[in-house]
Amino acid sequence: MKKVRAEIEVRYQETDQMGVVYHANYLVWFEIGRTKLIEALGFKYAEMEKYGVVSPVIEVNVSYKKPVRYGEKVYIDTWIEKYDGIRTVYGYNVLNANEDIVVTGETKHVIVKKDTFRPLSLRKAFPDWHEAYLTYLKEAK
């Protein structure tokens, strides 16, 4: 699978009382990775939002394998796991400096009209994105 990598340096405010990254921060890091992947495909979320369209997370799965602490560098590898024209599933691996996988995850998204939250087909609303996702999946095999 073709992946896009983002680097994060863990900030103090991202840790909890145990000195490890608070679990919800990984969702923020997933968004950073997802945004980087979309930009690598030549698109920006902000462009979608100009049309009154947003892409909410409708499902998330996270598996925590090893702790990450303040001051460490981690890398978020992101890829498109599945895409059917309506739903997109992004996959994530968070790796430490030794390239050990410390967290894995997936997020599932749809696109909706911001004012009504009515679902839209990415294929119809943004055909360029649709084609880029199909090409990505074809090349990733």
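Note that the structure is a prediction, hence the values are computed from the model and not measured.

### Remarks on the overall build of the chain
Along the backbone of the chain there are 4 helices and 8 strands. In the chain, the succession of α and β elements from N to C terminus is β-α-α-β-β-β-β-β-β-β-α-α. Rg of the C-alpha trace for the chain: 16 Å, near the compact-globule value of 14 Å for 141 residues, within the 12% margin. For the chain, the C-alpha atoms occupy an extent of roughly 45 × 35 × 20 Å along the three principal directions. The buried share of the chain, reckoned over its 141 residues, is 42%. A separation of at least 24 residues holds for 64% of the contacts in the chain among residues at least 6 apart in sequence. Element-wise, carbon and sulfur atoms account for 50% of the exposed surface of the chain, whose accessible area totals about 8,200 Å².

### Things to note about the pairing of strand β4 (residues 73-83)
In terms of burial, β4 is largely enclosed, as 8 of its 11 residues are buried. In this sheet, strand β5 (residues 88-95) lies alongside β4 in antiparallel orientation, the contact comprising 8 bridges. Residue pairing across strands places Trp 79 opposite Gly 91, the latter belonging to β5. In sequence, β4 turns back onto β5 through a hairpin of 4 residues, with Gly 85 there showing a positive phi of about 95°.

### Considering the side chain of His 109
You can see His 109 is positioned in strand β6 (residues 101-109). Within the structure, the side chain of His 109 is placed 3.5 Å from the side chain of Arg 34, a separation counted as a polar contact. Apart from the residues within four sequence positions on either side, His 109 is in contact with Arg 34, Ser 55, Pro 56, Val 57, Ile 58, Ile 86, Arg 87, Thr 88, Tyr 90 and Tyr 92.

### What about the sheet that holds β6?
Pairing is antiparallel across the open sheet formed by 5 strands, whose spatial order is β1-β4-β5-β6-β3. If you trace the sheet from one side to the other, it starts and ends with β1 (4-9) and β3 (57-64), each paired once. Sheet twist, expressed as the average angle between the axes of neighbouring strands with direction ignored, equals 20°. Against the sheet, helix α1 (residues 25-40) engages β1, β3, β4, β5 and β6, with an angle of about 140° to β1. The strands that helix α4 (residues 127-140) touches are β4 and β5; relative to β4, the one it contacts most, it runs at about 105°.

### Some details on the environment of Tyr 51
Mapped onto the secondary structure, Tyr 51 falls in the loop between α2 (45-49) and β2 (53-54). Note on Tyr 51: relative accessible area 56%, which makes it exposed. Taking the C-alpha atoms as reference, Tyr 51 lies 9.0 Å from Lys 114; in sequence the two are 63 residues apart. Contacts of Tyr 51, omitting those with residues within four sequence positions, involve Lys 113 and Phe 126.

### Let's talk about the nonpolar core
Of all hydrophobic cores here, the largest spans 34 residues; its most connected members are Trp 29, Ile 80, Val 94, Trp 129 and Tyr 133. Sorting elements by how many residues they give to this core places α4 first, with 6 residues. Among residues more than four places away in sequence, those in contact with Tyr 133 are Ile 38, Leu 41, Ile 80, Tyr 83, Thr 88, Tyr 90 and Leu 122.

### Quick look at the pairing of β1
Of the two faces of β1, the one holding Val 4, Ala 6 and Ile 8 is buried and the one holding Arg 5, Glu 7 and Glu 9 is not buried anywhere. Where β1 lies against β4, 6 bridges are found, and the strand directions are antiparallel. What sits directly across from Ile 8, in β4, is Val 74.

### What to know about the sheet that holds β2
Across a sheet, paired strands are connected by hydrogen bonds in the backbone, their directions being either parallel or antiparallel. The strand order across the open sheet built from 3 strands is β2-β7-β8, with neighbouring strands paired in antiparallel fashion. Looking along the sheet, the strands with just one partner apiece sit at the ends: β2 and β8 (119-120).

Reading guide: rules and limits
- Residues numbered from 1 in each chain as written.
- Predicted model: local features only at pLDDT ≥ 70, side-chain atom pairs only at ≥ 80, totals over all residues.
- Heavy atoms only, no water.
- Helix = DSSP H or I, 4+ residues; strand = E, 2+ residues; numbered from the N terminus.
- Rg over C-alpha atoms; globule rule 2.2 N^0.38 Å.
- Buried < 20%, exposed > 50% of the residue type's maximum accessible area, 1.4 Å probe, protein only.
- Contact = heavy atoms within 4.5 Å.
- Areas by Shrake-Rupley, 256 points an atom, 1.4 Å probe, with all protein chains shown as cover.
- Pairing = 2+ DSSP bridges.
- Polar contact = N/O pair within 3.5 Å; in protein donor to acceptor, adjacent residues only side chain to side chain.
- Axes fitted to C-alpha atoms, helices over the stretch in contact; angles between N-to-C directions.
- Core = buried A, V, L, I, M, F, W, Y, C linked by side-chain atoms within 4.5 Å.

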